[in-house]
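Read off the chains here:
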Amino acid sequence: MAMTAVARETVFALRRQIAKIEGTLPERLQAPAAATLDADVNTDVASNTDLTIVRRGIAAALPDAYLPTGVERLDAALSGGLPKAALSEIHGTQTRDAGAVAGFALSLTSLILKQAQGLPVLWIGTSEIFREAGFPYARGLHASFGIEPEQLLFSEAPKLVDALWVAEEAARMTALAAVILEIRGNPQRLDLTATRRLHARAQGAGRPVFLLRQAAEPEPTAAPVRLIVAAAPATPRDTIAGPLAGSIGHPAFTLTIGKSRTALPGQFTLEWNPDERAFDERAGDERAGDDRRGEERGRAKNPVPLVSLSGSGTDPAAASGTVLAFPAVGSPAAISSTARDQPSRPQRATHLGPRRAG
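For clarity, every value in this text was computed on a predicted model and none was experimentally measured.

Asks: Looking at this structure, how should I read the sheet that holds strand S10 (residues 209–214)?
Replies: Within a sheet, adjacent strands bond to each other through the backbone by hydrogen bonds, running parallel or antiparallel. Sheet architecture is open: nine strands sit in the order S8-S7-S9-S10-S6-S11-S14-S15-S16, paired in mixed fashion. Every interior strand has two partners, whereas the edge strands, strand S8 (152–157) and strand S16 (278–281), have only one. Ignoring strand direction, the axes of neighbouring strands in this sheet form an average angle of 25°. Here strand S9 (residues 178–184) pairs with S10 via six bridges, running parallel. Of the residues in S10, the one forming a bridge with glutamate 182 is leucine 212. Sitting on the sheet, helix H8 (residues 192–205) is in contact with strand S6 (87–92), S9 and S10, with an inclination near 130° to S6.

Asks: Help me out: how do you make sense of the environment of alanine 202 in this one?
Replies: Mapped onto the fold, alanine 202 is located in helix H8. We classify alanine 202 as buried; its relative accessible area is 0%. In this structure the C-alpha to C-alpha distance between alanine 202 and leucine 87, which are 115 residues apart in sequence, comes to 6.5 Å.

Asks: Would you mind going over unusual backbone geometry with me for this structure?
Replies: You will see that alanine 215, though not glycine, has its phi angle at about 50°, which is positive. Examined against the element boundaries, alanine 215 turns out to sit in the loop between S10 and strand S11 (225–232). Under the relative-accessibility criterion, alanine 215 is labelled partly exposed at 26%. We note that arginine 277 has phi near 55°; this positive angle belongs to a residue other than glycine. Secondary-structure assignment places arginine 277 in the loop between strand S15 (267–273) and S16. Looking at arginine 277, the relative accessible area reads 21%, which means it is partly exposed.

The rules behind each value
- Residues numbered from 1 in each chain as written.
- Predicted model: local features only at pLDDT ≥ 70, side-chain atom pairs only at ≥ 80, totals over all residues.
- Heavy atoms only, no water.
- Pairing = 2+ DSSP bridges.
- Helix = DSSP H or I, 4+ residues; strand = E, 2+ residues; numbered from the N terminus.
- Axes fitted to C-alpha atoms, helices over the stretch in contact; angles between N-to-C directions.
- Contact = heavy atoms within 4.5 Å.
- Buried < 20%, exposed > 50% of the residue type's maximum accessible area, 1.4 Å probe, protein only.

If you want it as C-alpha cells, here you go:
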C-alpha cells in the first residue's frame, strides 16, 4: 500500500509539472485520501473525501469554477461545464458556420451575464473577420440573449497582431465579464505561445476567454477545451395543439467535443430557448429517424434518378425528345414550330431590309 501511495503521488507530481510547462489544465483527477490542498482552500472543502479537483500546477480549482450549460449530459461529459477562468476554443469548420459559432458564443455569454450582472463583454476581431461574418444585431442581442447593446463592446483591429495584443490586455481585466476573440483560418501568429499567454491571463483574472475560430483546422493550443459548432435544422414551433407545420422553432446547434482534458469525444444537438435563456438538448435518435423517414418518402415520391447512367450502365439514358425541353432538330414538331414563329414578309422590320446606295 505504501508503494502504491508513493507511485500515485509521483504520477500526480509529474502531471503537475507537465501542466505547468504546457500552461494547460491537466485532466480531472480524484484527490487521494491523504492529499492536502493549498492553504487558501477552505478546510471544510478539504475534509470532503469525495472532492474531485482539477490541478493547475500546484493550485486546486473548486467545482464552482465551471460554467454549467444546463444540459445534464453535456455538463457530465465536461465534468461540470466549461472552465470560467480559462481559454476555450469554439470552432467552425467552414466560413458559413460563422453565424452558428457566434450564436453559440452569445448563448454562453448570456449564461455568464446572469452571474456577472452589470459587467460588459469585449468582442475582438480583425477587419477581415468582421467584413466576412458581420456584426451581431443589437435588437437580436436583447431579444434572443437578453444582452443589452451597451453590454457588448467591439474592438476591430486592422491586423491579427493588434487583435492579439488587445485580447491579451483585455484578458487580464476583472472589469470584463468575458473576452471573445474571433479569428479566421489558421494564422501563423496564433501559435501555441500566443494561446498560452491568453490562457495564463484568463487564469489570473478569473474570467473566460472564448477563441472563435472560423474555417480553421484543429491545431495544438493551450485551450483545455475545444468545441466544434455547426448549425442544426430547426424543428417546428411547439404549440398547444402540437408542432405547427411550416414554422421555425428555436435555433439549434450541433456541438462536438473535439478536445477536452476532462471529457471523452461526443456529439450533442442543443436548442437555445430565447425566452428562458437556457439550453435544451434534442434527442438525436428521434431527429435522425425523422430525417431517414423523410429521405425514404422523397425516394418513393420520385424514384427516377436525377442523372441517368451512361449507355453501358443498367439504366441507359432515355431516348432523345422525351426528356429534353425542346423537340429534336428535324422533327415535324420542330419544323412547324419554326415556321409558325417566323413573321410574314410585310411584318419584317424596316432596318432588316437591304441598304440602298445613293
